[in-house]
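Residue strings, one per chain:
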Amino acid sequence: MTLTPTQPAPTRPALAPSPVLPHAAFGDAPAVVADGVAISHADLAARVADRAATWGPARRLVLVEGANQLDSLVAYLAALQHGHVALVVPDARASQLEAMVAAYDPDIVCTTDTPDDVRRPASAHDLHPDLALLLSTSGTTGSPKLVRLSRDNVASNAAAIADYLALTPADRAITTLPLHYCYGLSVLHSHLLAGASVVLTGLSVVDECFWELFGRTGATSFAGVPHTFDLLAASGFEDRELPTLRQVTQAGGRLDPDAVRHWSGFGRGRGWDLVVMYGATEATARMAWLPPDLAEEHPAAIGVAVPGGHLRLDETADDRPGVGELVYSGPNVMLGYAEHPADLALGRETTELRTGDLARCTDGLFEVVGRRNRYGKVFGLRIDLDAVEHTLRATVDRHARVVATDKSVHVFLTRGRGSTAARGLVTSHCGVPAHAVRLTVLDRLPVTATGKPDYVALGDLAELADTAPAEGAATDSVRADFVRVLGRPDAADGDSFVDLGGDSLSYVELATRLVDHFPGGLPAGWHTRSIGELERLRATVVDGPVRRRTVRLDTTVALRALAILFVVASHVDLVALEGGAHLLLALAGFNFARFQLSAAGDAGTRCRHGLSGLAQLVVPSVLWVGGVALLLGSYDLTTALFVRELVNGSEWDDQWQLWFLESLIWITAAALAVTCVPALHRLERRTPFRFALAVLAVAALARFAEVGLRAGPTERYTTLVVAFFFVLGWAGARASTTRQRLLVTALAAALTIGFFGQPHREVIVLGGFLLMLWVPHVSLPSWLARAAGILAGASLFIYLTHWQVYPALEDSGHQWLALVASITVGVAYGRVVRPLHQAVGRAILRSR
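Residues numbered from 1 in each chain as written. Predicted model: local features only at pLDDT ≥ 70, side-chain atom pairs only at ≥ 80, totals over all residues. Heavy atoms only, no water.

Undergrad: I'd like a description of the overall build of the protein, backed by residues and values.
TA: Broken down by element type, the protein carries 28 helices and 27 strands. Here the protein, with 848 residues, has 55% of them falling under the buried criterion. Partitioning the intrachain contacts of the protein with sequence separation of at least 6 by distance along the chain shows that 71% fall at a separation of at least 24. A total of about 33700 Å² of accessible surface is found on the protein, and carbon and sulfur atoms cover 58% of it. (Helix = DSSP H or I, 4+ residues; strand = E, 2+ residues; numbered from the N terminus. Buried < 20%, exposed > 50% of the residue type's maximum accessible area, 1.4 Å probe, protein only. Contact = heavy atoms within 4.5 Å. Areas by Shrake-Rupley, 256 points an atom, 1.4 Å probe, with all protein chains shown as cover.)

Undergrad: So what's going on with the nonpolar core? Residues and values would help.
TA: In terms of nonpolar packing, the biggest core is built from 138 residues, with Phe 237, Trp 263, Phe 482, Trp 526 and Trp 730 touching the most fellow members. Per-element accounting of this core gives the leading share, 11 residues, to helix α16 (residues 580-595). Residues in contact with Trp 263, not counting those within four places in the same chain, are Phe 229, Leu 232, Ala 233, Phe 237, Glu 238, Trp 272, Leu 274, Arg 529 and Glu 533. By size, the runner-up hydrophobic cluster in this structure holds 69 residues, among which are Leu 70, Tyr 183, Ala 280 and Leu 353. (Core = buried A, V, L, I, M, F, W, Y, C linked by side-chain atoms within 4.5 Å.)

Undergrad: How would you explain the pattern of salt bridges if you had to name every residue and give the values?
TA: One pass over the structure, following the stated rule, counts 19 salt bridges. Across the pair Arg 354 and Asp 314 runs a salt bridge, and its minimum N-O distance is 2.3 Å. You can see Arg 354 sitting in strand β19 (residues 352-362) and its partner Asp 314 sitting in strand β16 (residues 310-314), a full 40 residues away along the chain. (Salt bridge = Lys/Arg side-chain N within 4 Å of Asp/Glu carboxyl O.)

Undergrad: Pulling in residues and values, what's your account of the sheet that holds strand β15 (residues 304-305)?
TA: Strand order in the open sheet formed by 9 strands is β2-β1-β10-β9-β11-β12-β13-β14-β15, and the pairing between neighbours is mixed. Unpaired on one side and paired on the other, β2 (37-40) and β15 mark the two borders of the sheet. Both strand β14 (residues 286-290) and β15 contribute to a ladder of 2 bridges, which runs antiparallel. Its bridge partner being in β15, Ala 288 is matched across the sheet by Ala 305. Helix α1 (residues 41-53) contacts β1 (30-34) and β2 of the sheet and is inclined by roughly 80° relative to β2. (Pairing = 2+ DSSP bridges. Axes fitted to C-alpha atoms, helices over the stretch in contact; angles between N-to-C directions.)

Undergrad: Kindly report on the pairing of strand β24 (residues 409-413), identifying the contributing residues and their values.
TA: Here β24 lies mainly inside the structure; 5 of its 5 residues are buried. Burial along β24 is two-sided: Val 409, Val 411 and Leu 413 facing one way and His 410 and Phe 412 facing the other are all buried. When strand β23 (residues 401-404) meets β24, the two strands line up antiparallel, connected through 4 bridges. Bridged to Val 402 within β24 is Val 411.

Undergrad: Before we move on, can you summarise the packing of aromatic side chains with the specific residues and values?
TA: Per the counting criterion, the structure on display carries 29 aromatic pairs. Ring geometry for Trp 659 versus Phe 660: centroids 6.1 Å apart, planes at 80°, classification edge-to-face. In this pair, the class of Trp 659 matches that of Phe 660, namely buried. Taken together, a centroid distance of 6.1 Å and an interplanar angle of 20° make the contact between Phe 725 and Phe 756 stacked. (Phe/Tyr/Trp six-rings, centres within 6.5 Å; stacked < 30°, edge-to-face > 60°.)

Undergrad: Please give an account of the sheet that holds strand β25 (residues 437-441) that cites residues and values.
TA: Pairing is mixed across the open sheet formed by 3 strands, whose spatial order is β23-β24-β25. Each having just a single partner strand, β23 and β25 make up the two edges of the open sheet. On average, each strand axis in the sheet is inclined to that of its neighbour by 20°, with strand direction left out of account. Where helix α9 (residues 385-395) meets the sheet, its contacts fall on β23 and β24, and the angle it forms with β23 comes to roughly 150°. Against the sheet, helix α10 (residues 419-430) touches β24 and β25, its axis set at about 150° to β25.

Undergrad: So what's going on with unusual backbone geometry? Residues and values would help.
TA: Backbone geometry at Ala 166 places phi at a positive 55°, although glycine is not the residue there. Look at Phe 642: it is not a glycine, yet its phi comes out positive at around 55°. Structurally, the position occupied by Phe 642 is in the loop between α18 (637-640) and α19 (644-647).

Undergrad: If you had to explain empty space enclosed by the protein to someone new, which residues and values would you point to?
TA: This structure, assessed with the given rule, holds 6 cavities of 30 Å³ or more. Space inside the second largest cavity adds up to approximately 120 Å³. Lining the second largest cavity are 15 residues, and of these Leu 165, Val 187, His 191, Ala 223 and Thr 249 lie nearest its centre. Contributions of two or more residues to the lining of the second largest cavity are made by β9 (172-174), α5 (182-193), β11 (221-224) and β12 (247-250). With 5 residues, the top contributor of residues to the lining of the second largest cavity is α5. A breakdown of the residues in the lining of the second largest cavity according to their chemical character gives 9 nonpolar, 6 polar and no charged. (1 Å grid on protein atoms, 1.4 Å probe; cavity = no way out; pocket = protein on both sides within 12 Å on 5 of 7 lines; lining within 4 Å. Points joined across faces, edges and corners; volume = space filled by probe spheres on them. Nonpolar A, V, L, I, M, F, W, Y, C, P; charged D, E, K, R; others polar.)

Rendered as structure tokens:
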């Protein structure tokens, strides 16, 4: 069945902490989409009531398997809405189901695809009147310790979430998390309370069928834990067109600040918001949220308390000034814990939640800086480290210790024989993948002065282990390639290519090297991702070096190689393929937007990044041209200083040979000057595509004012006339939707066709531009891709030096030799000046 995407609805009704289940106000509006069928709020309510009626009137403890299926959803809502106590457990995990049944002896057991097991007509337990929901406090560790939640807890937190996410009946979330997980349940609760709808699926975000379902049902949002975003990056999410998506939420553990900045910026460009959140089962779900417009400036923050809640710091918990344990209070704070059936009779035992997280507050935003208790959160799973450690000590090594970082569960043993068993036990017990379990064997485990386990020392060892290469990893790391290409031995895991001042030339070389780590193609937007994130993505794609006959190469790299080949081949009279230099201008504009304009930070930071890239273009050029002017007298001072257009006439002579470099330098400088003005910097950040269109309009007007539709034989090489090619590339880089790319396509055709009055030139320039705009990668044989990388990386130097190389060989009739010699000298000059090229960029980036 094909569903029409939900249309925007009028003003949403006021939300109140009342029933979570839909009521008459939402009637026939869709509530759930399951198996291609849309079920209305009224229909869902009827199904829930019918299910509850089969159990009888007595209030009981109902165990429900939390599968992302309609049957499980109806059973859960029947228990919650009709006064029972719902105990939600993971689905398809027989051992955990059996353990929970044995520990709590539920009155009714609802498992997927089987009839409800109504074990007794009345409850065997004394159930407190306020008790409504029981959830595991430790994710999938199997701990029998449960969180006791009231109906008011659930309703108030659902209302708060619906409030700050501004949910309306037009919203539709697709399930990416299981319903036994408090985060997954909170998505359900908040959407039903707001009259919105939920698409039920057990598919993963790496499944193509998931995204087909997303588009078919008109979903507007999805939720993710940190690992979800690794999967999105590795599975081509950034290449997808999702016109109905308006919001992506993140919780379940700390997302790396670089990843927050990346996804927030990417989403802003695509029309959706990233909402970073913080919570715990003990707070029903959410305690804090970060307004989307603050994510890029404060990517490490968890934000502010949810509506109706309050956060404070207990600074007695830490010696550092301004740092304390994060304490939350609000109507969603749990009643307390349950460890035995008798605890189900208890009422409220707590009014505030001590999170165990150490935090600080800056500019009104809270930021978690560490933990003080013995729980860890890995891949979004909250893990009871003491419970895992107890099991390991009982079965594998009586001295075993366990700690966790954001990335891994670390097991410390005193003997290696139990390593395999330990890894398997932790993997199955905690539900984390095997590669997230790291084992270390020590002769003696550290202890404190009082003889207690020194978990601080073990935590330090775990952090060190996280920075070391994993078993089987390639010795030539992603970071090593960054250091080698950019000349930045100080490159850290949190740095990206853009942060390190990379320019278009180093982009080409680094992209070519990184293909060895990502043979299936580089992750979209890799130049803005941190080194650490790229290392993690590589681990999810391959387990070791992979060599393939074909590789996916960035289209801009292939086009740069082809363009410089066309330039030189035309000049040596081998083929008449003019237009390569104008295509290079468009590629330069595209890369200007990708690198200089993507640098995080204020206008000053952008200016330093831009000046770094400009200097890396100017310095090697001035050295060569100045040297040629002194030794051969081929160029005068105006050419060496790239001010020829200001003082020379319009007649073509040798001083015009470097028109492309002069135009590129002055156009880049002008673009940088405009975007470094603080007010314009902020405007460009807010509306990058519209800003680029405005600049393109100015450049196009300048071209038409100067030459009209067609440029003359010399005019086509002047800065003011060709600037629009650079800005077209800029606009192409900022076009993030199909509609925007179609607009840029139309503008490119309108501005290029007729400009030269030579169809073959216009085909080369326009065809290359459209390839860059619409085809992000091309598949090439590995040897050809590497050759293209070398050519593209040296394109500036080949253009700069070939004027002094080819004439003598061309005059003697050796055109092919002239072509090869020109390329060889250019590549060699690039290698010679590389240390200076890198040093200049570093010096400017480090200046303040």
